[in-house]
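Tertiary structure, described
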There are 2 protein chains.
Amino acid sequence: MKEFILKANKSATSGDINIKDLPGSAGRLDLVCRCVNSSFFLSHDLRRDTVFYSVHYGEPNAPVALKFIGDELKRLSPDERSIALFIKKALEKDSSKLWKESTSGIYTAKKEFRDIIVEKKNENYRIFYLHLNGKPLEEYNLKLDKDNGNDEDVLFVLGDHIGIGEEDEKFLDELGAERISLSPVELHADHCIILMHNALDKLKK
Amino acid sequence: MKEFILKANKSATSGDINIKDLPGSAGRLDLVCRCVNSSFFLSHDLRRDTVFYSVHYGEPNAPVALKFIGDELKRLSPDERSIALFIKKALEKDSSKLWKESTSGIYTAKKEFRDIIVEKKNENYRIFYLHLNGKPLEEYNLKLDKDNGNDEDVLFVLGDHIGIGEEDEKFLDELGAERISLSPVELHADHCIILMHNALDKLKK
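Residues numbered from 1 in each chain as written. Chains lettered and ligands numbered in written order. Predicted model: local features only at pLDDT ≥ 70, side-chain atom pairs only at ≥ 80, totals over all residues. Heavy atoms only, no water.

1. Some details on the sheet that holds strand β1 (residues 2-8) of chain A
Residue and element names in this part refer to chain A. To keep things clear, this is the line we draw: A pair of strands is considered paired only if DSSP assigns at least 2 bridges between the two. In this text, helices come from DSSP runs of H or I with a minimum length of four residues, and strands from runs of E with a minimum of two, each type numbered from the N-terminal end. Lines fitted to C-alpha atoms define the axes, with helix axes restricted to the stretch in contact, and inter-axis angles between N-to-C directions lie between 0 and 180 degrees. Note on definitions: a residue-residue contact is assigned when non-hydrogen atoms from the two residues lie within 4.5 Å.
Taken together, the 8 strands give an open sheet; going across it, the order is β6-β7-β5-β4-β1-β9-β8-β10, and neighbouring strands pair in mixed fashion. Since the sheet does not close on itself, it has two edges, and those belong to β6 (100-103) and β10 (178-181), each with one partner. In this sheet, adjacent strand axes meet at a mean angle of 30 degrees when their direction is disregarded. In the packing of helix α1 (residues 29-40) onto the sheet, contacts are made with β1, β4 (50-56) and β5 (64-69), and the angle to β4 comes to roughly 170 degrees. Docked against the sheet, helix α5 (residues 189-204) engages β1, β4, β8 (126-136), β9 (154-159) and β10, running at close to 165 degrees with respect to β1.

Here's what the structure looks like:
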């Protein structure tokens, strides 16, 4: 499984969102929406083998985690506004420790960013942290089984415009996360997801 | 200079746009907005060396061409809604044969998709057509001058969800456009722009 997790430092944690102001009052929810687009949309198709998490630390109920499962998504369009409407609906529900489904393939829970990463580590996922100063992607030996589709499970950790912060970087280092670089210039998280997918697509063919 | 041109078969050609319905009544204007995002946005910076054209063939005044010049853009945010508001403003003006500025760095003209490509060919741009069955990018010898920034001028031609159509493909073949492939799977135009930028970024470093 290919999974991505974004720490959304300022993104809203209740459904009281102004859809006309995703960047401002909703705390860069536009970026979250574009990450959903990048995670799943192919031309006339969806990436069914992908999961995307966004963990929101904005007002008023931080943290709230969202999970999008490619294989279960329905009626999702690629534009920010329609993705934001699904997120608004998910954030309107009370979240608890366990994942609860809002609409097809979209879940919420009261989970911390680190909790999800630890869960994945315990499930033997290989953890990568996307960072400008990481090792170039090409230097990693990603085990993709071309014959039977039995790929290595991987989680890619992404920061928003603020970044994940020093403490979470230290946490990732201690967990053994591998720092990976996709570009010589600093990019938005949604653009990194496109590049990561492309690198994996090319390895598989 | 790095330039991209998108044929937007259904996108609106007047400012009478419902910002709440970019994919539907505005004719996939959401895709045009995301292409603008992909063309220009870096983390905390803009790509000043890039130009993006979108040629609209939707109702009611087709064609209308839009030009975005990275070096002149001001106050542009990365979210679809705010880009769409700039496009709406540009489409509200009457367009003529010559480019007219609407807001900083955003121009409109009554030009055909092919006219712009021919202009670029006449300016000695190298023309690439991004296509699933093209030659892999890595097999092209792109001349990027690492020492003095005097890069080759390149134009990348992109289709929307409908594609550019057989006649325009024939036109590009006759013009000597080179077919280039970025991915083994079929991708949205905005995702292709990200991949193309990344390939060029890596070549330059």
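What follows picks up the thread again.
2. With respect to the packing of helix α3 (residues 113-122) of chain A against helix α4 (residues 166-175) of chain A
Residues and elements named next belong to chain A. Note the cut-off: Angles below 35 degrees are treated as roughly parallel, those above 145 as roughly antiparallel, those between 65 and 115 as roughly perpendicular, and all remaining angles as oblique. All residues other than Ala, Val, Leu, Ile, Met, Phe, Trp, Tyr, Cys, Pro, Asp, Glu, Lys and Arg, Gly among them, are scored as polar; the first ten of these are nonpolar and the last four charged.
Between α3 and α4, whose axes approach to 12 Å, the crossing angle comes to 10 degrees. It follows from the interaxial angle that α3 and α4 lie roughly parallel. For the pair formed by α3 and α4, the contact residues are Phe-113, Arg-114, Ile-117, Val-118 and Lys-121 on the first element and Glu-167, Asp-168, Phe-171, Leu-172 and Leu-175 on the second. In the contact of α3 with α4, the residues fall into 6 nonpolar, no polar and 4 charged.

3. Some details on the interface of chain B and chain A
As a reminder of what qualifies: A 1.4 Å probe defines the accessible area here, and the buried area is the portion of it lost by two parts on being joined, summed over both. For salt bridges, the criterion is a side-chain nitrogen of Lys or Arg within 4 Å of an Asp or Glu carboxyl oxygen. In protein, a polar contact requires one atom able to donate a hydrogen and another able to accept it; more generally it is a pair of N or O atoms within 3.5 Å, and residues adjacent in sequence count only if both atoms are side-chain atoms.
Chain B puts 33 residues into the contact, and the matching count from chain A is 32 residues. The junction of chain B with chain A conceals about 3,000 Å² of combined surface from both sides, 59% of it contributed by carbon and sulfur atoms. Summed over the shared surface of chain B and chain A, the number is 0 salt bridges. Summed over the shared surface of chain B and chain A, the number is 13 residue pairs in polar contact (both at pLDDT 80 or more). Sorting the residues of the side of chain B that touches chain A by element identifies α1 (29-40), β2 (41-42), α2 (80-91) and α5 (189-204) of chain B as the ones contributing at least two each. If you tally residues by element for the side of chain B that touches chain A, the top one is α5 of chain B, at 7 residues. Taken together, the residues of the side of chain B that touches chain A break down into 10 nonpolar, 9 polar and 14 charged.

4. Considerations on the relation of the copies chain B and chain A
Rule in force here: The copies were overlaid with a least-squares fit restricted to C-alpha atoms from residues scoring a pLDDT of at least 70 in each copy.
Expressed as a screw transformation, the operator carrying chain B onto chain A has a rotation angle of 180 degrees and an axial translation of 0.0 Å, and the superposed copies differ by an RMSD of 0.0 Å. Both copies of the chain, as the preceding transformation shows, are related through a two-fold rotation axis. Both copies present the same face, since 97% of the interface residues in chain B are matched by interface residues at the equivalent positions in chain A.

5. Describing the pairing of β9 of chain A
Residues and elements named next belong to chain A. Basically, it comes down to this: Per-residue accessibility, obtained with a 1.4 Å probe over protein chains only, is compared with the maximum for each type, and a residue is labelled buried under 20%, exposed over 50%, and partly exposed between these values.
Counting buried positions along β9 gives 5 out of 6 residues, so the element sits mostly inside the fold. Where β1 and β9 come together, 6 bridges link them in parallel fashion. In the sheet register, Ile-5 faces β9, and the bridge partner there is Val-157. Summarising the sheet, β8 and β9 pair through 4 bridges and their orientation is parallel. Note that in β9 the partner of Tyr-129 across the bridge is Val-157.

6. Quick look at the sheet that holds strand β9 (residues 154-159) of chain B
Residues and elements named next belong to chain B. Here 8 strands make up an open sheet; going across it, the order is β6-β7-β5-β4-β1-β9-β8-β10 and the pairing mixed. Among the strands making up the open sheet, the edge pair consists of β6 (100-103) and β10 (178-181). Averaged over all pairs of adjacent strands, the angle between their axes in this sheet comes to 30 degrees, without regard to strand direction. Of the pairings in the sheet, the one linking strand β5 (residues 64-69) to strand β7 (residues 106-109) comprises 4 bridges and is antiparallel in character. If you follow Leu-66 over to β7, its bridge partner there is Thr-108. Sheet strands touched by α2: β4 (50-56), β5, β6 and β7. Its angle to β5, the strand with the most contacts, is close to 130 degrees. Against the sheet, α5 makes contact with β1 (2-8), β4, β8 (126-136), β9 and β10, and its axis sits at roughly 165 degrees relative to β1, the strand it touches most.

7. What about the state of the cysteines?
Worth spelling out the cut-off: Pairs of cysteine sulfur atoms within 2.5 Å are what we label disulfides.
Following the criterion strictly, the structure yields 0 disulfides over all chains and no others. The thiol of Cys-192 of chain A is unpaired, and the distance to the nearest cysteine sulfur, on Cys-35 of chain A, comes to 8.6 Å.

8. Let's talk about α1 of chain B
Residues and elements named next belong to chain B. Threshold: Multiplying one less than the number of residues by 1.5 Å gives the expected span of a helix.
End to end, α1 covers 17 Å across 12 residues, agreeing with the expected 16 Å (1.5 Å per residue, within 8%). Judged by how many residues are buried, α1 sits mostly within the fold: 12 of 12 residues are covered. Among all positions in α1, only Leu-29, Asp-30, Leu-31, Val-32, Cys-33, Arg-34, Cys-35, Val-36, Asn-37, Ser-38, Ser-39 and Phe-40 are buried.

9. Some remarks on the packing of aromatic side chains
Residues and elements named next belong to chain A. Basically, it comes down to this: When two rings of Phe, Tyr or Trp (its six-membered ring) have centres within 6.5 Å they constitute a pair, described as stacked for plane angles under 30 degrees, edge-to-face for angles over 60, and tilted for the intermediate range.
Summed over the entire model, instances satisfying the criterion amount to 10 aromatic pairs over all chains. Between Phe-128 and Tyr-140, the ring centres sit 5.3 Å apart and the planes meet at 85 degrees, which makes this aromatic pair edge-to-face. Note that Phe-128 is positioned in strand β8 and Tyr-140 in the loop between β8 and β9, a separation of 12 residues in sequence. Aromatic side chains Phe-128 and Phe-156 sit 5.4 Å apart centroid to centroid with 20 degrees between the ring planes, which places their arrangement in the stacked category. A residue pair is termed long-range when its members are at least 10 positions apart, and Phe-128 in strand β8 and Phe-156 in strand β9 qualify at 28 residues.

10. Points about a positive patch on the surface
Residues and elements named next belong to chain A. Note the following rule: Distance thresholds for patches are 9 Å for like charges and 5 Å for nonpolar side chains (Val, Leu, Ile, Met, Phe, Trp, Tyr), applied to residues having over 30% relative accessible area and no salt bridge. Note on areas: Shrake-Rupley with a 1.4 Å probe; residue coverage comes only from the protein chains shown. Counting rule for charge: Lys and Arg are taken as positive, Asp and Glu as negative, and neither His nor the chain ends is counted. Lysine's charge is taken at NZ, arginine's at CZ, aspartate's at CG and glutamate's at CD.
Taken together, the side chains of Arg-48, Lys-74, Arg-75, Lys-89, Lys-93 and Lys-100 present a region of like positive charge at the surface. Counting through the fold element by element, Lys-89 comes out in helix α2 (residues 80-91). Lys-89 gets classed as partly exposed once you look at its relative accessible area, which sits at 43%.

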